[in-house]
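Architecture and fold: a report
The lines below spell out each chain.
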Amino acid sequence: MVNQRNTFALMAWFVFLATLALDIAPAPEEEDRIMQEMDEIYTRMPFYGAPRMTAELVRRGYQVGEKRLRRLMKEMGIQAIYPKPNLSKPEGVKISMDGRGRTYDDIFIERLWRSLKYEGVYLNDFADPPQAEESVTAAQRGIGRYFDLYNHERLHQALEYEMPASVYFGRKEVKLMA
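Read on for an overview of the structure. Predicted, not measured: the structure shown is a model, and the values here were computed from it.

Conventions adopted
Residues numbered from 1 in each chain as written. Predicted model: local features only at pLDDT ≥ 70, side-chain atom pairs only at ≥ 80, totals over all residues. Heavy atoms only, no water. 1 Å grid on protein atoms, 1.4 Å probe; cavity = no way out; pocket = protein on both sides within 12 Å on 5 of 7 lines; lining within 4 Å. Points joined across faces, edges and corners; volume = space filled by probe spheres on them. Helix = DSSP H or I, 4+ residues; strand = E, 2+ residues; numbered from the N terminus. Nonpolar A, V, L, I, M, F, W, Y, C, P; charged D, E, K, R; others polar. Salt bridge = Lys/Arg side-chain N within 4 Å of Asp/Glu carboxyl O. Buried < 20%, exposed > 50% of the residue type's maximum accessible area, 1.4 Å probe, protein only. Phe/Tyr/Trp six-rings, centres within 6.5 Å; stacked < 30°, edge-to-face > 60°. Contact = heavy atoms within 4.5 Å.

There is about 240 Å³ of room inside the second largest pocket. Lining the second largest pocket we find 14 residues, and of these R44, E119, N124, Y146 and L149 sit closest to its centre. Secondary structure elements with two or more residues in the lining of the second largest pocket: α5 (103-121) and α6 (132-152). The biggest single contributor to the lining of the second largest pocket is α6, with five residues. Residues belonging to the lining of the second largest pocket are distributed by class as follows: six nonpolar, three polar and five charged.

What follows is the structure, encoded as structure tokens:
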């Protein structure tokens, strides 16, 4: 009688040998195209980490997983620009004092302004014009461009990697992530 455990081990060994015989590595041309797309995305949105970059590439029709993308990002020497943990002083959340339980509104607004600060203001220089009026106008234009990007181009994890405008105007149903 054949031992079932040995049979499975032998089958696994044959599958392993078969995969060695196959060329399972992606074609270099495909890797080059993916890396070109990654460069384009990173140039436009350097704050995209591996999960958002993966979602954007999948949205553009590429079959790429997060693990592969992390490897390619490492090869390219790119990483997301965002505040790393424990690099700044701890900030407390100021709770709404109107007694109406609007603490969650405060959290969302604080998160929005944090995104604007790190993804819009710090990456763009709005304060170069010599005149104060020009500086304010440049900042207004820059912030307007950022909110356009935020609503129409930037993928949001809480919206299942969709854009707010496509969810709102397209009336697309998404289950908000916790």
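There is more to say after this.
As a further point, take the pattern of salt bridges. On inspection of all chains with the given rule, the structure shows eleven salt bridges. Salt-bridge contacts for E30 lead to R68; the nearest nitrogen and oxygen are separated by 3.9 Å. Of this pair, E30 sits in helix α2 (residues 28-44) while R68 sits in helix α4 (residues 66-76); the two residues are 38 residues apart in sequence, bridging distant segments of the chain. Residue classification places R68 among the buried positions, given a relative accessible area of 18%. Salt-bridge contacts for E66 lead to R70; the nearest nitrogen and oxygen are separated by 2.6 Å. Of this pair, E66 and R70 both sit in helix α4, four residues apart, which is roughly one turn of that helix. With a relative accessible area of 33%, E66 lands in the partly exposed category. Relative accessible area serves as the criterion here: at 46%, R70 is assigned to the partly exposed category. Because the salt bridges share partners, they merge into one network encompassing E30, E31, R68, R71 and E75.

The full count for this structure, using the stated rule, is seven aromatic pairs. For the ring pair F147 and Y150, a centre distance of 6.4 Å and an interplane angle of 80° mean the geometry is edge-to-face. With a gap of three residues between them, F147 and Y150 both fall in helix α6, about one helical turn apart. Look at Y168 and F169: their rings are 5.0 Å apart centre to centre, the planes differ by 80°, and that puts the pair in the edge-to-face class. With a relative accessible area of 53%, Y168 lands in the exposed category. Exposure remark for F169: the relative accessible area of 61% places this residue in the exposed category. Members of the aromatic cluster, connected to one another through ring pairs, are W113, Y146, F147 and Y150.

This part takes up helix α3 (residues 50-59). For α3, a buried count of seven out of ten residues is recorded, marking the element as mostly surrounded by other parts of the structure. Restricting attention to buried positions, one finds in α3 the residues A50, R52, M53, T54, A55, E56 and L57. Tucked inside the fold, the buried residues of α3 contact α2 and α4. Two residues or fewer past α3, G61 is found with a positive phi of approximately 100°.

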